[in-house]
Amino acid sequence: MHIDVINTRAGFDALRDNWDQVFMADPHAQHFLSFTWLKAYLWRRGRWFILALREKAEGSAYVAFFPLRVITQQDKKTGRFFDEIIMAGNFAADYTGFITLPAYEHHAVAGFCAFLKQQSWTHLKLEYMCGPLSRRDAMIRALQGPQVMFRDSTPKSLNDINNCVCPVVTLPASFDEYLETSMSSQTRQKLRRFLRKVEGDPSYRISFATHETIGRDMDILFKFWRAKWAPYKGKDRAEKIIVSTRDMLMDCFRDGTLEVPVLWYEDRPLGALANIIDKSKGVVLFYITGRDETWTTPSPGLVLHGFCIRRAIEMGFREYDFLRGNEPYKYMFGPWERPISCTQFRTRSGENLNGRLHPFSIRFVYEQALKFYKAGEKAKSEVAFRQVLETVPDHRGAEFGLANLLFEKGEFHEAEVSYLAISRAVEDPVPALLRLGETRLAQKDFPGAIRAFQDVTSRAPFHHEALYKCGIALVAAGRRNEATAIFEKLQNFHSDDAANMNYAEKAKSALSRLRAFVAPPSILVGSVVLAGTDSDQPRHWHPPRVLH
């Protein structure tokens, strides 16, 4: 048994035929685990990965796939980051989980859980996992232990709706059979009357979105949805939901797996549905709806769902899936209930397993550290830099950032050691050498500072900052003639860079002081240093490039 980790687009594309084979063989596989849906969704996301299980030698076909993602959170109390592994489709997919050839289900659970126990995470969230509950139970047995605990994490929703129940209508051979066996007599009569009215009165019509009308029809759908739900969810959250949902549905439309029926009265839209069509499994998945709440009869929701169920039966589909949520209106269509589960695993320590960041989160935490640093949030920045270095001790960017923080706190010796080590390990040592010189200057190691600044100018002859600070160090070392030569050279340099011209002006000012004062070098240097090194000022910086 062997697991490969696929986390590139090319690698995922190469799985297409194998994935489709496993998907079709798994009786519990749902559309949100299809290659088509996942590809469009994952391409909009970061830090996703696929666990691919093979039972035989390398080169043999995979027998199971588990799509996952890593997200990273920050502990508000400690400032430390921790990782969560979540289902790849979370925040859009009503069904998640893994797919497997039936004969390998137990092997898939064992293999995936053994792999996950070796990963770095604080939370593992199996939210809205489909398949038999025995899969979830087997994963609980495999994952819990001295380091990991679990709990049911079914989220609460408005009106006590249970989102771990999915009402599903099994479609018979004919619409008449469906009406007779699945609906109450009252609802059956009402639906027949409404459909006759809509189809017999030219004022009514039902349209389906085309490439020319999809934008308009989605606007109609979300206008109705917004009017219904924004007061409950809040305006900002509602708009975020609309944007992300619209992106996902438009991906489905481009893939040919979305239908948007709209009920009209003359030119007035009354309601709309967004149905995802899984032709391979013969399932229509009702995803979202919106209707004119001021229109009473005929009921737009009843008409549209009844129309789409009849159409699905005529096209040979086997299920009409109302997806997550046991809202009462869904039960007038005669569904059975498909249970799904939400389980959260958490480390008992509250820290990542293995005490390290997940490899996929290192770059994220490092970039957060840079943002904190540039925003002046130095304490947060230091925590993040140190956490990166706990995981990757030779991460030169984090080492450089931490050295800058040490410098700014006055811990010059520790900063010097770091800058020197970085300068010897990276492809472009100029930033580290420049800071090395500043650190030595702050410690009054003037010869050492001169060597560092000269090392910079040997690589970058017109580096204005290094030239100026080398001149300062030379003055401090009593080498006024050499300093004068540098300042004279620097003041005559021209540049389109305002920072460079600033150092040219500083050189001109330092040169004036050298010529105007006859004073002991230490007095003169103290004046110049205070006037011009900026050594005690916060700096923005760019991480050095690491040698490969």
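If you're wondering where the values come from, they're calculated on a predicted model, not measured in any experiment. (Residues numbered from 1 in each chain as written. Predicted model: local features only at pLDDT ≥ 70, side-chain atom pairs only at ≥ 80, totals over all residues. Heavy atoms only, no water.)

Attention shifts here to the side chain of Thr257. Within the secondary structure, Thr257 is located in the loop between α9 (235-254) and β10 (258-259). For Thr257, the contacting residues outside a window of four places in its chain are His31, Cys252, Asn275, Ile276 and Ile277. (Helix = DSSP H or I, 4+ residues; strand = E, 2+ residues; numbered from the N terminus. Contact = heavy atoms within 4.5 Å.)

Attention now moves to the packing of aromatic side chains. By the definition in use, this model includes 31 aromatic pairs. Here the aromatic rings of Trp19 and Phe65 are separated by 4.6 Å at their centres, their planes lie at 20 degrees, and the arrangement is stacked. In this pair, Trp19 is assigned in helix α2 (residues 16-25) and Phe65 in strand β3 (residues 64-74), connecting sequence segments 46 residues apart. Judged by relative accessible area, which is 0%, Trp19 ranks as buried. (Phe/Tyr/Trp six-rings, centres within 6.5 Å; stacked < 30°, edge-to-face > 60°. Buried < 20%, exposed > 50% of the residue type's maximum accessible area, 1.4 Å probe, protein only.)

A separate point is the pairing of β3. Within β3, nine of the 11 residues are buried, which leaves it mostly tucked inside the rest of the structure. Alignment of strand β2 (residues 48-54) against β3, held across six bridges, turns out to be antiparallel. Residue Ile50 lies in a different strand from β3, and its bridge partner there is Pro67. Pairing between β3 and strand β5 (residues 99-100): two bridges, direction antiparallel. Its bridge partner lying in β5, Phe65 is registered against Ile99. Looking at chain direction, β3 and strand β4 (residues 81-87) are connected through seven bridges and run antiparallel. The residue bridging Val70 from the neighbouring strand is Ile85, located in β4. Between β3 and β4, which pair antiparallel one after the other, the connecting turn spans six residues, and Gly79 there sits at a positive phi close to 80 degrees. (Pairing = 2+ DSSP bridges.)

The next subject is the pattern of salt bridges. Throughout the structure, instances matching the rule amount to 40 salt bridges. Residue Arg363 pairs with Glu367 through a salt bridge whose shortest N-O separation is 3.0 Å. Residue Arg363 and its partner Glu367 are both found in helix α11 (residues 362-374); the two are separated by four residues, about one turn of the helix. On the basis of relative accessibility, which here comes to 64%, the residue Arg363 falls in the exposed class. Among the salt bridges present, the one from Glu408 reaches Lys378, with a minimum N-O distance of 2.9 Å. In this pair, Glu408 sits in helix α13 (residues 396-408) while Lys378 sits in helix α12 (residues 378-391), placing the two residues 30 residues apart along the sequence. Using a relative accessible area of 28% as the deciding quantity, one classes Glu408 as partly exposed. Taking the relative accessible area as the measure of exposure, Lys378 reaches 23% and is therefore partly exposed. Within the structure, one salt-bridge network assembled from shared partners comprises Arg44, Asp247, Asp251 and Arg254. (Salt bridge = Lys/Arg side-chain N within 4 Å of Asp/Glu carboxyl O.)

What follows concerns the side chain of Ser361. Positionally, Ser361 belongs in the loop between β16 (341-347) and α11. Judged by relative accessible area, which is 0%, Ser361 ranks as buried. Excluding its chain neighbours within four sequence positions, the residues that come into contact with Ser361 are Arg47, Thr72 and Asp83.

With that settled, the discussion passes to unusual backbone geometry. Cis geometry is adopted by the peptide bond preceding Pro298, which originates at Thr297 and carries an omega value of -5 degrees. Looking at the secondary structure, you find Pro298 in the loop between β13 (283-291) and α10 (300-314). For Phe91, which is not a glycine, the phi torsion comes out positive at approximately 85 degrees. Its location among the elements puts Phe91 in the loop between β4 and β5. Positive phi values are uncommon outside glycine, yet Tyr128 reaches one of about 60 degrees. With respect to the element layout, Tyr128 can be found in strand β6 (residues 123-129). Residue classification places Tyr128 among the buried positions, given a relative accessible area of 11%.

What follows concerns the packing of helix α15 (residues 430-442) against helix α16 (residues 446-459). Look at α15 against α16: their axes get within 7 Å of each other, and the N-to-C directions meet at 160 degrees. Relative to α16, α15 is oriented roughly antiparallel. Relative to α16, α15 is oriented so that their crossing is left-handed. Contact with α15, carried on its side by Val430, Leu433, Leu434, Leu436, Gly437, Glu438, Arg440 and Leu441, involves Phe446, Gly448, Ala449, Ala452, Phe453, Asp455, Val456 and Arg459 of α16 and no other residues of that element. (Axes fitted to C-alpha atoms, helices over the stretch in contact; angles between N-to-C directions. Parallel < 35°, antiparallel > 145°, perpendicular 65-115°, else oblique. Left-handed = near helix turned anticlockwise from the far one by under 90°.)

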